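Residue-level structure breakdown
Listed below are the residues making up each chain.
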Amino acid sequence: MKKFINFVAILICTTTFAQPKLSPLEQEGTNFFKEGNNTNAIASFEKALVQSPNSLYSINALTTLYHNVNEEQKAYDMADKGIKLSGNAANFVYAKARAATFLNNAKDALSIIENYSAKNKADYMLLFVKGNAYNQLNDKQQALSAYTQSITNNPEFFNSYFERAKVFADLQRYPQALKDYDKCALLDKENADVYNSLGIVFYKMGNLDDALINYNKCIALEPRQSFALANRGVLYRDKNLIDKAVSDFDASIAINPKNDAAYFESAILYDKAKNYQKASTMINKAVELKNNMSVYYGEQSKIYNAIDKYDDALIAANKALSLDPQNPDGYLFKSAAYYNKENFNEAVKVATEGIANLPNYYLLYSMRAAYYRALKNNTLADADEAKAKQLASK
C-alpha cells in the first residue's frame, strides 16, 4: 500500500491555507476529494488554479491529489510552487520531499529536508520521509534513526512504526519488527496490510502456523488482497497443500494480473510438480512484468534447462548474473546448460567462477564434480564431492 496517512485531514482540511471563503471550484474540488473522487477533484482544483494562480489552498490540494493518482512529477512541481509562494510552509516541504522519494530521488528528498529550518526538521512527518529516503538508499541504520525520531515526536504515528518494522524485518531483527507491527495493529485494527506484514515476518521466522493466522486475518479484512493471497499460496506450497496453493495463486493473479510475484511463486510450484510447460508460462509472465529481478531469471534458466531450451537457459542465466553476481542459480543453471550442451569444459569454468564468488555454496561443488566426471577427471570430482558433503553438513 502506498500510503496510510489521512491526507484529507492533514492537507485538504487544513486551516493553514484556508481562504476566507472558498471559490465555487475549490469547494467543488474539496467535496469530490472527500468522496474519494480524485479525478474530478483534480479537474476542479486545476480550473480553480487558472482563476487564482496563487491560491495556496488549491496548490496544497493538488500536491496531495497528484500523489494519490501516482503523478509524482506533478506533485513535486506543485509542491515546489507552494514552497516559493508560502515561504517554505511545512506542508509543501513535506509534499516535495515525499514526491522526490517516489521519483526515486532519495538524495534530493534529503536535500529538501536539510535545507529546511532546523526547528521544523524535527517535524515527525518530515522525519518519516527522511527515513524513507535513507531506506531507498539502503542506509538501514539512518532509516531506523529517522523513523525512531519520528515516533519519539509523535508516538501515535502509524506510518513510522510500519516502515520501521519493515526495516527491522530486512535486518532480520524479527522480534522488533513484530513489536512495531503489533503497535500498528493497535493503532489501526482494520488495516489488512499490517496482518499481511505480520504473516511475512512469522513466515521468515519459520512459524508457519502464526503466519497462516495472520494471512487469514488480512484476507478476511480485504478478500481481494492480491499479495496476501500469493503469500498464503507460498505457505500452502511449503506445506504441500498443492490444491490450496494453486487456488490462492490463481485468485491473486485474477485480482491483480500485474502481480509479478504471484506468477513467480506459481512458476516454482509448477516447476516442483514437473509441469514445466505451465511453469514456463508463469515465469515468462513474471519476467515480462518485472525485468529487473535476478531471481526470476534464475528460475527461468532452471525451467529452460528442464524443457531442453539450453540456449535460452544461457541467456536467462546471464541476465540473472548481470543483475546480481551473487545469485547462485545463475551459476548453477548456466553451468547446467553448458553441461546439457556437452560443453563440459565451459560448465567447469562457470561453476568455478561461481565457487569463487560463493565459496560456501555446496551445490556448486556438487555440480562441478559431475562436470569433472564427464571429463573423466575423477580425482577432482572426488575432491569436489568431499567438499560438497563437508559444506552441506554444516
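Described in the following lines is the structure provided in the data block. (Residues numbered from 1 in each chain as written. Predicted model: local features only at pLDDT ≥ 70, side-chain atom pairs only at ≥ 80, totals over all residues. Heavy atoms only, no water.)

**Concerning the overall build of the protein chain**
Tallying secondary structure elements over the protein chain gives 23 helices and 0 strands in all. When each of the 394 residues of the protein chain is scored for burial, the buried share is 49%. Only carbon and sulfur atoms are counted for the fraction: they give 49% of the accessible area of the protein chain, which is about 19,000 Å². Of note, the protein chain has its 46 positive side-chain charges centred 2 Å away from the centre of its 43 negative side-chain charges. (Helix = DSSP H or I, 4+ residues; strand = E, 2+ residues; numbered from the N terminus. Buried < 20%, exposed > 50% of the residue type's maximum accessible area, 1.4 Å probe, protein only. Areas by Shrake-Rupley, 256 points an atom, 1.4 Å probe, with all protein chains shown as cover. Lys, Arg positive; Asp, Glu negative; His and termini not counted. Charge placed at Lys NZ, Arg CZ, Asp CG, Glu CD.)

**Side note on the environment of K285**
By the element assignment, K285 lies in helix α17 (residues 276–289). Expressed as a C-alpha distance, the spacing of K285 and A374, which sit 89 residues apart in the sequence, is 35 Å. The contact partners of K285, leaving out residues within four places of it in the chain, are P257 and Y263. (Contact = heavy atoms within 4.5 Å.)

**Notes on the packing of aromatic side chains**
Overall, the coordinates contain 10 aromatic pairs when judged by the stated rule. Their ring planes at 70 degrees and their centres at 5.6 Å tell us that F162 and Y181 sit as a pair that is edge-to-face. Separated by 19 residues along the polypeptide, F162 in helix α10 (residues 158–170) and Y181 in helix α11 (residues 174–187) bring together distant segments of the chain. Across this residue pair, the class does not change: F162 and Y181 are buried. Following the ring pairs from residue to residue traces out a cluster consisting of Y124, F128, Y147 and F157. (Phe/Tyr/Trp six-rings, centres within 6.5 Å; stacked < 30°, edge-to-face > 60°.)

**Here's the deal with the packing of helix α20 (residues 328–340) against helix α22 (residues 362–374)**
Between α20 and α22, the shortest axis-to-axis distance is 10 Å and the interhelical angle comes to 10 degrees. As summarised for this structure, α20 and α22 are arranged roughly parallel, according to the angle between their axes. Handedness of the crossing formed by α20 with α22: left-handed. For the pair formed by α20 and α22, the contact residues are Y331, L332, S335, A336 and Y339 on the first element and L363, L364, M367, A370, Y371 and A374 on the second. The class makeup of the residues in the contact of α20 with α22 is 10 nonpolar, 1 polar and no charged. (Axes fitted to C-alpha atoms, helices over the stretch in contact; angles between N-to-C directions. Parallel < 35°, antiparallel > 145°, perpendicular 65-115°, else oblique. Left-handed = near helix turned anticlockwise from the far one by under 90°. Nonpolar A, V, L, I, M, F, W, Y, C, P; charged D, E, K, R; others polar.)

**Quick notes on helix α19 (residues 310–323)**
Taking 1.5 Å per residue as the helical rise, α19 with its 14 residues ought to reach 20 Å, and the 20 Å between its terminal C-alpha atoms agrees with that figure. Looking at α19, one finds that the buried residues are A313, L314, A316, A317, A320 and L321. For α19, the elements touching its buried residues are α18 (294–306) and α20. (Expected span 1.5 Å × (residues − 1).)

**Focus: the side chain of S335**
You can see S335 is positioned in helix α20. S335 sits in the buried class, given a relative accessible area of 0%. Excluding residues that lie within four positions of it along the chain, S335 makes contacts with A347, V350, A351 and Y371.

**Let's talk about the environment of Y372**
Mapped onto the fold, Y372 is located in helix α22. Those residues within four positions of Y372 in sequence are excluded, and the remaining contacts are V348, N377, L380, A381 and D384.

**With respect to the side chain of S226**
One can find S226 in helix α14 (residues 226–238). Residues within four places of S226 in sequence aside, it is in contact with S252, I255, N256 and N259.

**Considering the pattern of salt bridges**
For the structure on display, the rule yields 18 salt bridges. The partner of K96 in a salt bridge is D80, with the nearest N and O atoms 2.7 Å apart. Of this pair, K96 sits in helix α6 (residues 90–102) while D80 sits in helix α5 (residues 72–86), and the two are 16 residues apart along the sequence. Classification of K96 as buried rests on a relative accessible area of 13%. If you follow the salt bridges from partner to partner, you end up with D80, K84 and K96 in one network. (Salt bridge = Lys/Arg side-chain N within 4 Å of Asp/Glu carboxyl O.)

**Points about the environment of K140**
In this structure, K140 sits in helix α9 (residues 140–153). Relative accessible area serves as the criterion here: at 16%, K140 is assigned to the buried category. Along the sequence, K140 and S301 sit 161 residues apart, while their C-alpha atoms lie 32 Å from each other. Setting aside residues no more than four positions away along its own chain, K140 makes contact with N135, V167, D170 and L171. Side chain to side chain, K140 and N135 meet in a polar contact 2.7 Å long. A distance of 3.1 Å separates a polar atom in the side chain of K140 from a polar atom in the side chain of D170. (Polar contact = N/O pair within 3.5 Å; in protein donor to acceptor, adjacent residues only side chain to side chain.)

**Section: the state of the cysteines**
Enumeration over the complete set of coordinates arrives at 0 disulfides. Among the cysteines around C184, which has no disulfide bond, C218 carries the closest sulfur, lying 14 Å off. Classification of C184 by relative accessible area gives buried; the value is 0%. (Disulfide = S-S within 2.5 Å.)

**Considering the nonpolar core**
Judged by nonpolar contacts, the single largest core of 89 residues is most densely connected at L62, L65, V194, L198, V201 and I283. Once residues within four sequence positions are removed from consideration, V194 is found in contact with F158, F162, Y181, C184 and A185. Residues A316, Y338, I355 and L364 belong to the second largest nonpolar core, which totals 26 residues. (Core = buried A, V, L, I, M, F, W, Y, C linked by side-chain atoms within 4.5 Å.)

By themselves, these observations are geometric and do not establish any function.
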